[in-house]
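Chain by chain, the residues:
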Amino acid sequence: MRIKLEKRREPSMAMLVTTPIASVLLTMLIGIVVFDLIGIDGFKAVVDIFLSPLLVSYKWQDVAVKAAPLIIIALGLSMGNRAQVWNIGAEGQYVIGALCSAGVGIAFGQTGGFFVVLLMIAAGVAGGGLWAAVPAWLRTKFNVNEILSSLMLTYVSFQVLGYLVGGPWKDPNGRNFPATAPLADSQTLPVWPDSTVHLGVLIALILPFVFWVIMARSEFGYQVRVVGSSTTAARHGGFDSKRTIWATLIIGGAMAGLAGAFEFVGVLHKMDLGFPSGYGFTAIIVAFLGRLNPFGCLIAGIVLAVTYVGGQMAQTSVHIPNSTAGIFQAMMLFFILASDILVRYRIRLIASTKAAGV
Amino acid sequence: MTMISRRTLFKGAGAATLATLASPAFAEDKVKVGFIFLGPIGDYGWTWAHNKGREALVSELGDKIETIYVENVAEDASAIPVLRDLAQQGCKLIFTTSFGYMDQTLEVAAEFPDVKFEHCTGYKRADNVATYNSRFHEGRAVLGTIAGKMSKTGVLGYLGSFKIPEVVLGVNSFALSAQKQNPAAIVKVLMIDSWFDPPKEAAATETLINLGCDLVTTHTDSPAPLQILEQKGLFGFGQGADMSAFAPNAHLTAIEDIWGPYYIDRAKAILEGTWTSTDTWDGMVDGEVVISPYSAAVTADAAAAADIVKAGYMDGSFNIFTGPIYDQDGVERVKAGEVMGLGDLAVMDWFVKGVESAA
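This one's a predicted model, so the numbers in the text were calculated from it and none came from an experiment. (Residues numbered from 1 in each chain as written. Chains lettered and ligands numbered in written order. Predicted model: local features only at pLDDT ≥ 70, side-chain atom pairs only at ≥ 80, totals over all residues.)

(A) A look at the overall build of chain B. In terms of regular secondary structure, chain B is built from eleven helices and 15 strands. Radius of gyration (C-alpha) of chain B: 23 Å, near the 21 Å computed for a compact globule of 359 residues. Reported as C-alpha extents along the three principal axes, the dimensions of chain B are approximately 80 × 45 × 35 Å. When each of the 359 residues of chain B is scored for burial, the buried share is 49%. Here the analysis covers contacts within chain B between residues at least 6 apart in sequence; of these, 65% occur between residues at least 24 apart. (Helix = DSSP H or I, 4+ residues; strand = E, 2+ residues; numbered from the N terminus. Rg over C-alpha atoms; globule rule 2.2 N^0.38 Å. Buried ≥ 20, exposed ≤ 12 C-beta atoms within 10 Å, placed from the backbone. Contact = placed C-beta atoms within 7 Å.)

Right, here's the structure in full:
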């Protein structure tokens, strides 16, 4: 008896859908076992991290607010990934987007209102897009790998953040703590009454439909998919792969910038050194767990947001560190990438007729 | 059909979770007191000391109160859901134990007017938000005195976190005290933009040593700098707690933060219904700032000079912030004979003469 991997003629739809779910379940199972082995109530920890945020109604708003940036960033990243463009620097584009938004807010002083807020968000989109345009330029002009350049620009963005909040943008009434002054109320996004759910959450729910229409129904979406599947085919089809690289990187950066602007204008209302919270990196997991599908990103964004909120709950209830949630998130990515093989290959058990002599 | 079965599955799971959430440890009659901590309780410094205070509270009032604590809470927006969570779990009193929780504390306090909050080292208060702090600079004066006596090069290192008044005060107190022993002493300051980051603390300590410092004191929370000093055969001090176990030779003494009495007082006030929003700034004489025993390496004359400073703070006859005090540019900021009040100290944002810093 031996195991053989056989290439499928078509990627398996069933596997495409079931493997992400299996990855989440397997992560939970391994979590229970590992926690029990180190002497923590594993079942309770896993229930707290994966289910409690859904069951306790006052946590729904936290899940929604955390899911929004993950979904928005993942939508942009998955479009690039479809074209085989690997933007790893969404975290940096997210930070720069928020900084551009903050710059506009500071420039307007205490003046707020609809147009100022709109301008702040537009600045976030533009800033994120421009930050991602740098790897696009390096890639198309000098063939520099965008994985490295986009990742390294993330660290540059942290330095820019540190310089601005610790220097020119420091709150004059903040006793020297490196942070900007809080936004005026008229400069913030509207929120649902008695909650923290801001307008950006609603937009995060609408955007997957927009991206689905673009990817499935527009010529641009078709071009992205063709370039992603084969550059030679794209050239024969008359598609310019350089243009696709530019477009997908800038869209990915713009989405990350949008998420950063929403986080700043809708949630935090000030910039400090704690602003880079890892959404840009976690969104990579969201994109893959969502199978690079806009609606998949929506669901996966909620799953990952649940683990964030659940990780915080487990801190108080079972006293495990918050970073445990990060371990679970990484495990999910690991399983989803590993299970990719089941989408493209099938496992065959072959009864060996002879003794297995090699 | 699948919908129904999925729903029932969730219901079952829901009942199970709610049952575990309402665990018997949280008995109804006890008053819950919450704490959020910046680092791990095992940092052997700042957070460790606050947790000692929490333990003192439990051993004193454990029959009437219970505590819930959360470690490693970042000084950013992620503190908000943690605070909300503690309030939702029924805490009546919540201590937020680092400067960077200030705005988050006020924000959540506004949502829960019935819950009392206590913010450590901050300056913004509300009807249900009190602030408390320690006069750590009194302890820094003792350390500075020892440093001034013991440094051979007269170049002292100061590893700081952020250039906020709490830290600036400590630097100035240390520098002025060292200069009283050695008028030529200078203090090189490095800020690492973090309270607790052992690798960064260690690297910054190495930098200070390379700049010629033969003694380094810290306003960050881990023992990592002391371990570097131990390796190099140089001296330093513990921060927040006695850290001699980590660096038996390098550790001269430490400033120990004793929070227990304050936590007990405030919890009693909740139980008796007498809690009000106050601003408390206790020091050595209140037993909140304590100097650890000197190590064998502390010379007799350094110990004697340090004891004089300590005694002066205990009987109120000494204050290091007595003029004349000059700033880095040599401008006289406090006239001879004048003493800076706590109000002035709370907003101090300039370094004294002899302090060398990048910013």
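Let us keep going from here.
(B) Looking closely at the pairing of strand β1 (residues 2-7) of chain A. Residue and element names in this part refer to chain A. Summarising burial for β1: zero of the six residues are buried, a small minority. With six bridges joining them, β1 and strand β2 (residues 345-350) adopt antiparallel strand pairing. Paired with Leu5 across the two strands is Ile347, which belongs to β2. (Pairing = 2+ DSSP bridges.)

(C) Local environment of the packing of helix α4 (residues 60-82) of chain A against helix α11 (residues 241-268) of chain A. All names here are of chain A. Running from N to C, α4 and α11 point in directions that differ by 170°, and their axes come no closer than 7 Å. Considering the angle they form, α4 stands roughly antiparallel to α11. On α11, the residues that touch Val65, Ala68, Pro69, Ile72, Ile73, Leu75, Gly76, Leu77, Met79 and Gly80 of α4 are Thr248, Leu249, Ile251, Gly252, Ala254, Met255, Ala256, Leu258, Ala259, Phe262, Glu263 and Val267. Partitioned by chemical class, the residues of the contact of α4 with α11 number 17 nonpolar, four polar and one charged. (Axes fitted to C-alpha atoms, helices over the stretch in contact; angles between N-to-C directions. Parallel < 35°, antiparallel > 145°, perpendicular 65-115°, else oblique. Nonpolar A, V, L, I, M, F, W, Y, C, P; charged D, E, K, R; others polar.)

(D) Just the sheet that holds strand β5 (residues 129-134) of chain B, in detail. Residue and element names in this part refer to chain B. Sheet architecture is open: six strands sit in the order β2-β1-β3-β4-β5-β11, paired in parallel fashion. The open sheet terminates on both sides in strands that have one partner only, identified here as β2 (65-70) and β11 (279-282). Pairwise comparison of adjacent strand axes, ignoring direction, gives a mean angle of 20° for this sheet. Relative to strand β3 (residues 91-96), strand β1 (residues 31-36) runs parallel, the two sharing five bridges. Directly across from Gly34, in β3, lies its bridge partner Ile94. In the packing of helix α2 (residues 46-61) onto the sheet, the strands contacted are β1 and β2, and the crossing angle to β2 comes to about 160°.

(E) Unusual backbone geometry, seen in detail. Of note, the bond from Gly323 of chain B into Pro324 of chain B is cis; its omega dihedral lies within 30 degrees of zero at 5°. Among the secondary structure elements, Pro324 of chain B is positioned in the loop between α10 (300-315) and β13 (325-326). One non-glycine residue with positive phi stands out, namely Leu292 of chain A, at about 60°. Residue position: Leu292 of chain A is located in the loop between α12 (279-289) and α13 (294-317). The backbone of Asn72 of chain B shows a phi angle near 55°, a positive value even though the residue is not glycine. Within the secondary structure, Asn72 of chain B sits in the loop between β2 and α3 (79-88). With 19 C-beta atoms packed within 10 Å, Asn72 of chain B lands in the partly exposed category.

(F) Structural context of the confidence of the model for chain B. All names here are of chain B. When pLDDT is averaged across chain B, the result is 89; 92% of the residues are at 70 or more. Considering each helix and strand of chain B separately, the mean pLDDT is smallest for helix α1 (residues 2-21), with a value of 42, and largest for strand β4 (residues 116-120), with 97. Overall, residues 1-27 carries pLDDT values under 50, and its contacts beyond four positions in sequence, including any with other chains, amount to ten contacts. (pLDDT = per-residue confidence, 0-100.)

(G) Inspection of the interface of chain A and chain B at higher detail. Contacts between the two partners involve 27 residues from chain A and, on the opposite side, 30 residues from chain B. A total of five residues in the side of chain A that touches chain B trace back to one element, the largest contributor, which is α13 of chain A. Among the residues making up the side of chain A that touches chain B, the classes are represented as 13 nonpolar, ten polar and four charged.

(H) Broad picture of the sheet that holds strand β10 (residues 251-257) of chain B. All names here are of chain B. Reading across from one edge, β12-β10-β9-β8-β6-β7-β15 is the order of the seven strands in this open sheet, with mixed pairing throughout. Sheet topology places β12 (289-291) and β15 (355-357) at the edges, where each strand pairs with a single neighbour. The mean inter-strand angle of the sheet, taken between neighbouring strand axes irrespective of direction, is 20°. Pairing geometry for β10 and β12, over three bridges, is antiparallel. Its bridge partner being in β12, Glu256 is matched across the sheet by Val290.

(I) Structural detail: the domain arrangement of chain B. All names here are of chain B. Domain assignment breaks chain B into domain 1 (29-135 + 259-286) and domain 2 (136-256 + 289-357). Each of domain 1 and domain 2 has a C-alpha centre, and these two points are 27 Å apart. Contacts between the two partners involve 19 residues from domain 1, matched on the other side by 23 residues from domain 2. The biggest single contributor to the side of domain 1 that touches domain 2 is α2, with four residues. (Domains from an automatic or database assignment.)

(J) Structural detail: the environment of Val134 of chain A. By secondary structure assignment, the location of Val134 of chain A is in helix α6 (residues 114-142). Ignoring sequence-local partners within four residues, the contact set of Val134 of chain A consists of Ser149 and Leu153 of chain A.

(K) Representation of the pairing of β10 of chain B within the structure. Residue and element names in this part refer to chain B. The element β10 is extensively covered by neighbouring structure, given that six of its seven residues are classed as buried. With four bridges connecting them, strand β9 (residues 235-240) and β10 associate as parallel partners. Bridge pairing in β10 places Gln239 opposite Ile255.

(L) Highlighting the nonpolar core. Counting 204 residues, the largest nonpolar core has Ile73 and Ala74 of chain A as its most contacted members. Element by element, the count of residues in this core is highest for α11 of chain A, at 16 residues. Looking at this core, you find at least three residues from each of domain 1 (29-135 + 259-286) and domain 2 (136-256 + 289-357) of chain B. Setting aside anything within four residues of it in sequence, one finds Ile73 of chain A in contact with Ala90, Tyr94, Met255, Ala256, Ala259, Tyr279, Gly280 and Ala283 of chain A. (Core = buried A, V, L, I, M, F, W, Y, C linked by C-beta atoms within 7 Å.)

(M) Spotlight on helix α7 (residues 146-166) of chain A. Residue and element names in this part refer to chain A. With 21 residues, α7 should cover 30 Å at 1.5 Å per step; its first-to-last C-alpha distance of 30 Å lies within 8% of that length. Where α7 is concerned, the buried positions are Glu146, Ser149, Ser150, Leu153, Thr154, Ser157, Leu161, Val165 and Gly166. The inward-facing, buried residues of α7 contact α5 (90-107), α6 and α11. (Expected span 1.5 Å × (residues − 1).)

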